[in-house]
Amino acid sequence: MQIKHLLNVCFFAVFLFLMEPAMAQNKIITGKVTDKKDGSPLIGVSVVTAVGAQGGAITDANGAYKISVPASAASITFTYVGYLNVTVPINGRTSIDVQMSEANKALNEVVVIGYGTQKVKDATGSVASLSTKDFNKGVISTPDQLLQGRISGVQVTPSSGEPGAGAAIAIRGAGSIRTGDGPLYVIDGIPIDNSAGTAGSYGVGAGSSSARNPLSFLNPADIENISVLKDASSAAIYGSRGANGVILITTRKGRKGQGIQFSSNTSVSSPAKRYDVLGRDAFLKAVAAVGANASPAADGGVDYGGNTDWQKEIFRSPISQNYNLSLGGASKDNTGSLRASFGYDDQQGIVKKSSLKRLNGRINASQSFLNDRVKLDLQSTYSNVKDQFAPVTNNAGFNGSLIGAAIQLNPTAPVFDSQGRYFNLNGYNDAGYPNGNSFRNPVSLLNQIDDRDNINRFLNNLTLTLKLFAGISYKGNFGVDISRGVRKTFYDPKIVGFTDAIGIRQVNYPSPTGNGTAIITHNEVTNYTTEHTLNYDKKWKDGSSITALAGYSYQTFKNFARNDFGFGTSTAGVLVKNYDDFKTHLPYPVGDSSSYKLQSYFARVNYSYKDRYIVTGTIRRDGSSRFGDNHKYGNFPAVAVKWRITNEEFMPKGGLFDDLSLRLNYGKTGNQEIPDLGSQNLWQLLNFPGTATAQLHQNNPDLKWQSNITYGAGLDFSIINGRLNGSVDYFHKSIKDLLFRQDLPQPTAAPQLYKNLDGDVINQGVEVGLNFAAIQGKDFSWDVAYNMTFISNTLKNFKNYIVTGNIDGQGLSGAYAQLITNGVPLYTFNMPNYAGLDKNGFGIYPQGIDVPSLQGSPNPKFTASLTNNFNYKNWSFSFFLNAATGFYIYNNTANAFFYKGNLLSGRNVTKDVAATNESPLNSGEVSTRFLEKGDFLRLSNATLGYTFPIKSNAIKTLRVSLTGQNLLLITNYSGLDPEVNTDKQRNDVASKGIDYTSYPKARIFTLGVNASF
């Protein structure tokens, strides 16, 4: 036993002797790695004793690590994709905590996606995100103006320069042959109905106008972020409503240290361009040159003795104002937050009697309970918008509405006659009412038509979040969107030029001239949303993770419309603004109210394996009451994968790329944009009194969803420690089962049928987006952002022939300019080819004046934008350029008013027209004479700002800025602006790229003050 004990002691001594060098060479170090910005743990950080060394450790789900290091090691290096490498000296320590800073903030920025958020580095779909620093500056009346030109693949074309004007937004190309093909807007999780807001005017002889922008109720100052879901893999979570892309708007929330924030802006506007028409002397000379009588009117000529600049009479340089006040903050433990804001906007248009006034209040509140296991979020908005409309319309005919009348009216005509009445070429009768239907006096139109609306909108959203188990949570979303609008239009009985009877449901009523007319339009839209989602979130130590959600959504939409008409003022010859003061009223209101419902089931899974391979799968099943019995439901799947190449072992650490990722995606979305009850038999009441009805359209049980099938690939990269990052995307979108309203041959029970047309609308292209921190100095920095899009649009496998694009003007009744047919882009112009004037001043049409042929497309083939931001100490300067090429505009304004024959009848023309050898007998047919290239380069925005170095307990920050908008436009287009899209739809088929007396764009200078307390 003694020998055995002695052997054990000796063995243990030898073991200690042999192990002593090894124990002296290694020791254990532990610690935690967190994000320097917010203190959150970083998972999967590599911890080694030297860059490139074998072995080491990886941080776990809590950011903790444990590493054995040689005693001789002097330091530890921490590396993590997207973060700056950190090397820390050991200095004998056994516990070392480290904070890491983002090398590329863009990769770790959080973007809003459908039903959640995601870091940019984890995004598999094509999602573009703009924050407040990226928004367009200056006078902004609607949220879409914040992103105009800022995102590749997203084209925003305002219908005009009117305050609050609607806009056509195409995400990766045109999405439908029908109207209403805009994107889905989702505000703080609530999908809204684009039909809410102001109704268009009811034409009574000067044409009709389009509805205002449905987003005009939302104060741009309340918006924190706008995300655009461009491909089907990202938009499929919204199924049937995501076919044309999705725009997610997130409003500002309360945060620590916000306090009181105040901003004030004062703006001065002026028309950026005017029509270059003839003045008095040049006009009379041109009239004489065509053989007409330029002598005084008393001698039968066209000289009425005046010298009037009619554009000066209708345009102005107004002052607009904007004020915003907010109060925000959060509790110390971040369990509760609140932000309340109030805004007032008074935007005066450059056309007299046009304006937008908006008063809004908003509350965003959040509160957590029971150790963050229960959370309530409330977003509540009230907005009151009051528009005043100038009589600018889309289809006024040869007499013109306000702008058409101003550019063609004889400049020798005075505003008032010798008796102080609005000048009328045909004079007045003994009762003091205008004779005949002469050219309209623009000042009369401004002052003898009173057209205003008043819209109250309530958008409320309450969200309940419950953390049920580890990684599993429930979210319930309850939203209410109510819009109530009233538009009141009154016509003075002494107004000039409105002598045609008003036809309402096959009954004629007296014209405004000599009678006076009142039109009251009521529009109430309600949208109720209920959504329930279960969310699962799990992360593993190796950096792998999975997030999943499953949900149910139910939405109901109701649209109540009513039009009331009054005729004949109770007081003769006086403009009356009270509906009850009209002697005759329509027996019953006219309006087509409707409703529909959407029921949806959806799910999404996002799996990331070791932060290298990321897969996202989405499925949504939508049911819509709009479709036939055989196709109530549609399925919309999508899948996307991402390979983060820089996280592979074969990629060198600290190499050229901070990030290099490849994305692939495929998906299907749907489109249900047909009228409510579009698949059902529908009748309409024809006249009053009585019960006579007519069938509008017949039942089609096989009517089904229009579908968008898209696929694409993208490459994301970042180099130079994130100073240069960008993406390149290829996309292919095919639109099938095209929804269309078919006119049926008569006689049939119903004149129309909604059906699906065979054919494929193909949009394909390449997008490039780049961000470069060119200079990052202590006192000076320079950042550059650039994007461009190459896109083509073609209609294939289409066996129909559809015309659209109505053209207005004298002798142009029934004329059109665009054709939808196989093998060419949507809305391709179709018209006779014009080759100039012959020696006698008549048009040359090589293929014949009545032989149309396919011409150019209104869809740009290339768009681009460039932003430069400079900062020097407390000064900042930025400018924004955008451009588009490869598209055409049809100048319907010139076609209607600017040809030499107008001089024969005493109407004005431009100087260019007067200088040609055109014969006054030459006809003004629809032709390529008025088709022009729309290519342009615009200096859209420039801002100079200064932030005061405040050292005060009361004032935290104070900044002043000067912003210019629409400062420079380089284009060969002869109209006022090539970025225009007058609504010239025909039989419910959309048009694009037609310019007809549209409201001009303004050049605006804004002085702004921003302060926080």
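Residues numbered from 1 in each chain as written. Predicted model: local features only at pLDDT ≥ 70, side-chain atom pairs only at ≥ 80, totals over all residues. Heavy atoms only, no water.

1. Examining the overall build of the protein chain
For the record, the criterion: Numbering of helices and strands runs from the N terminus, with a helix taken as a DSSP run of H or I at least four residues long and a strand as a DSSP run of E at least two residues long. For the radius of gyration, the atom set is restricted to C-alpha positions; the globular benchmark scales as 2.2 Å times the number of residues to the power 0.38. Residue contacts are counted whenever heavy atoms from the two residues lie within 4.5 Å of one another. Under the convention used here, a 1.4 Å probe and the Shrake-Rupley method define accessible areas, while residue burial counts only the protein chains that appear. Neither His nor the chain ends contribute to the count of charged residues, in which Lys and Arg are positive and Asp and Glu negative. Where a charge lies is defined by one atom per residue type, namely NZ (Lys), CZ (Arg), CG (Asp) and CD (Glu).
Along the protein chain, the regular secondary structure elements total 11 helices and 52 strands. A compact globule built from 1013 residues should have a C-alpha radius of gyration of about 31 Å, and the protein chain, at 33 Å, falls within 12% of that. For the C-alpha atoms alone, the extent of the protein chain along its principal axes is close to 145 × 65 × 60 Å. Pairs at least 24 residues apart make up 70% of the contacts formed inside the protein chain by residues separated by at least 6 positions. Accessible surface, the protein chain: about 42,500 Å² in total, of which carbon and sulfur atoms supply 56%. Averaging the locations of the 95 positively and 77 negatively charged side chains of the protein chain gives two centres separated by 6 Å.

2. Things to note about empty space enclosed by the protein
To find leftover empty space, one rolls a probe the size of a water molecule over the atoms. Going by this rule: Grid points spaced at 1 Å over the protein atoms alone were grouped into cavities, where a 1.4 Å probe fits but cannot get out, and pockets, open sets with protein on both sides within 12 Å along at least five of seven lines, with lining residues defined by an atom within 4 Å of a point. Grid points are joined across faces, edges and corners, and a volume is the space filled by probe spheres set on the points. All amino acids are sorted into three groups, where Ala, Val, Leu, Ile, Met, Phe, Trp, Tyr, Cys and Pro are nonpolar, Asp, Glu, Lys and Arg are charged, and the leftover types, Gly among them, are polar.
Tallied over the entire structure, the rule returns 10 cavities of 30 Å³ or more. Here the largest cavity is characterised by a volume of approximately 650 Å³. The element contributing the most residues to the lining of the largest cavity is strand β49 (residues 936-947), with three residues. Here the residues of the lining of the largest cavity are counted per class, giving 12 nonpolar, 20 polar and six charged.

3. Considering the nonpolar core
For the record, the criterion: The nonpolar core is taken to be a set of buried Ala, Val, Leu, Ile, Met, Phe, Trp, Tyr and Cys residues, with the residues joined through side-chain atoms within 4.5 Å. Only protein chains enter the calculation, and the probe is 1.4 Å; a residue is then buried if its accessible area is under 20% of its type maximum, exposed if over 50%, and partly exposed in between.
Judged by nonpolar contacts, the single largest core of 70 residues is most densely connected at Leu402, Ile504, Ile807, Tyr890, Phe898 and Val926. Val156, Tyr185, Ile247 and Ile249 belong to the second-largest nonpolar core, a separate cluster that totals 24 residues.

4. Overview of the pairing of β49
In the case of a regular strand, side chains alternate between the two sheet surfaces. Where we set the bar: Each pair of strands is called paired provided DSSP finds at least two bridges between the two strands.
Of the pairings in the sheet, the one linking strand β46 (residues 875-885) to β49 comprises 10 bridges and is antiparallel in character. The residue bridging Leu881 from the neighbouring strand is Leu939, located in β49. Pairing of β49 with strand β50 (residues 957-971) involves 11 bridges; the strand directions are antiparallel. Along β50, the bridge assignment pairs Gly945 with Ser961.

5. Some points on the sheet that holds strand β5 (residues 75-79)
Judged by pairing direction, the sheet is antiparallel, and its four strands sit side by side in the order β3-β2-β5-β6 without closing on themselves. For this open sheet the edge positions go to β3 (57-58) and β6 (86-89), each flanked by a neighbour on one side alone. Note that strand β2 (residues 46-48) and β5 share three bridges and pair antiparallel. Within β5, the residue paired with Val48 across the bridge is Thr77.

6. Structural notes on the side chain of Arg604
Here Arg604 is to be found in strand β29 (residues 594-609). With sequence-adjacent residues up to four places away left out, Arg604 is seen in contact with Ile113, Gly114, Tyr115, Ile237, Thr547, Ala548, Leu549, Thr616, Gly617 and Thr618.

7. Considering helix α5 (residues 280-289)
Filter applied, for reference: Picture the helix axis, draw a direction to every C-beta atom, and the arc is the one those directions span.
Along α5, the residues classified as buried are Arg280, Phe283, Leu284, Ala286 and Val287. Along the long axis of α5, the arc covered by the buried residues comes to 160 degrees, so they all point the same way. In this structure, α5 carries Asp281, Lys285 and Ala289 as exposed residues pointing more than 90 degrees from its buried face. Close packing links the buried residues of α5 with α10 (901-904) and α11 (911-914).

8. Quick word on the pattern of salt bridges
This is how the line gets drawn: One side-chain nitrogen of Lys or Arg within 4 Å of one carboxyl oxygen of Asp or Glu is enough to make a salt bridge.
Counted under the stated rule, the structure contains 36 salt bridges. Residue Lys1001 pairs with Asp977 through a salt bridge whose shortest N-O separation is 3.6 Å. Here the residue Lys1001 occupies a position in the loop between β51 (994-995) and β52 (1002-1012), and Asp977 occupies one in the loop between β50 and β51, the gap between them amounting to 24 residues. Accessibility assignment for this pair places Lys1001 and Asp977 in one class, buried. The structure contains a network of salt bridges with shared partners spanning Lys642, Arg663, Asp716 and Asp729.

9. Regarding unusual backbone geometry
With a phi close to 50 degrees, Asn91 is a non-glycine residue in the positive phi region. Its location among the elements puts Asn91 in the loop between β6 and β7 (98-100). Residue Asn91 is classed as exposed on the basis of its relative accessible area, which comes to 66%. With phi around 55 degrees, Asn797 is a residue other than glycine that occupies positive phi space. Looking at where Asn797 falls in the secondary structure, it is placed in the loop between β40 (780-796) and β41 (802-806).

10. What about the sheet that holds strand β48 (residues 931-933)?
Taken in spatial order, the three strands make up an open sheet running β48-β47-β51, and their pairing is mixed. If you trace the sheet from one side to the other, it starts and ends with β48 and β51, each paired once. Note: strand β47 (residues 888-891) against β51, two bridges, orientation parallel. Its bridge partner lying in β51, Tyr890 is registered against Ile994.

11. Observations regarding the side chain of Thr521
What counts here: We define a polar contact as two N or O atoms separated by no more than 3.5 Å, with the added condition that, inside protein, one atom must be a possible hydrogen donor and the other a possible acceptor, whereas residues neighbouring each other in sequence contribute only through side-chain atom pairs.
Looking at the secondary structure, you find Thr521 in strand β26 (residues 517-539). Of the polar contacts made by the side chain of Thr521, one reaches the side chain of Asn563; its length is 3.0 Å.

12. Here we look at the packing of aromatic side chains
To keep things clear, this is the line we draw: Each aromatic pair joins two rings of Phe, Tyr and Trp (for Trp, the six-membered one) with centres within 6.5 Å, and gets the label stacked for planes under 30 degrees apart, edge-to-face for over 60, and tilted for any other angle. Lysine NZ or arginine CZ positioned within 6 Å of the ring centre and within 35 degrees of the ring normal marks a charge as sitting over the ring.
A complete count under the given rule lists 28 aromatic pairs for this structure. Aromatic side chains Tyr382 and Phe458 sit 5.2 Å apart centroid to centroid with 40 degrees between the ring planes, which places their arrangement in the tilted category. Of this pair, Tyr382 sits in strand β21 (residues 374-388) while Phe458 is found in strand β22 (residues 449-469), placing the two residues 76 residues apart along the sequence. On the basis of relative accessible area, Tyr382 is assigned to the partly exposed category, the value being 32%. Judged by relative accessible area, Phe458 falls into the partly exposed class, the value being 31%. Ring-pair connections join several aromatic residues into one group, and the members of that group are Trp782, Phe870, Phe877 and Phe879. Lying across the ring of Phe498, Arg440 places its NZ or CZ 4.4 Å from the centre. The ring of Phe936 carries Arg938 above its face, with NZ or CZ at 5.4 Å from the centroid.

13. Brief notes about a positive patch on the surface
Spelled out, the test is: Excluding any residue in a salt bridge, patches collect residues exceeding 30% relative accessible area, merging like charges within 9 Å and nonpolar Val, Leu, Ile, Met, Phe, Trp and Tyr side chains within 5 Å.
Together, Arg373, Lys375, Lys467 and Lys475 make up a region of like positive charge exposed at the surface. For Arg373, the position within the fold is in the loop between β20 (355-369) and β21.

14. Some thoughts on the pairing of strand β45 (residues 862-872)
Here β40 runs beside β45; their pairing, made up of 11 bridges, is antiparallel. In the sheet register, Ser781 faces β45, and the bridge partner there is Asn871. For β45 and β46, the ladder comprises 11 bridges, and the chain directions are antiparallel. Counterpart to Asn868 in the pairing with β46 is Phe879. If you look at the hairpin formed by β45 and β46, you'll find two residues sitting between the two strands, and Lys873 has a positive phi there, around 55 degrees.

15. Here's the deal with the environment of Ala236
Inspection of the secondary structure assignment puts Ala236 in the loop between α4 (232-235) and β16 (246-251). For the pair formed by Ala236 and Ala330, sequence separation is 94 residues and the distance between their alpha carbons is 35 Å.

16. What to know about the environment of Gly166
Considering the arrangement of structural elements, one finds Gly166 in the loop between β11 (154-158) and β12 (167-171). With 48 residues separating them along the chain, Gly166 and Pro214 place their C-alpha atoms 7.4 Å apart. Gly166 has contacts with Pro158, Ser159, Ala211, Arg212 and Asn213, leaving out every residue within four places of it along the chain.

17. With respect to the environment of Leu215
Summarising the element assignment, Leu215 is placed in the loop between β14 (190-191) and β15 (223-229). As a C-alpha pair, Leu215 and Asn194 span 21 residues in sequence and 8.0 Å in three-dimensional space. Non-local contacts of Leu215, meaning those with residues more than four positions away in its chain, are made with Thr142, Pro143, Tyr185, Ile187, Ile192 and Ile249.

18. Brief notes about the confidence of the model for the protein chain
Our working definition: Scored from 0 to 100, pLDDT reflects the predictor's confidence in each residue.
In this model, the protein chain carries a mean pLDDT of 86, and residues with pLDDT of at least 70 account for 92%. Predicted confidence for residues 1-24 stays below pLDDT 50, and this span has one contact to residues more than four positions away or in other chains.

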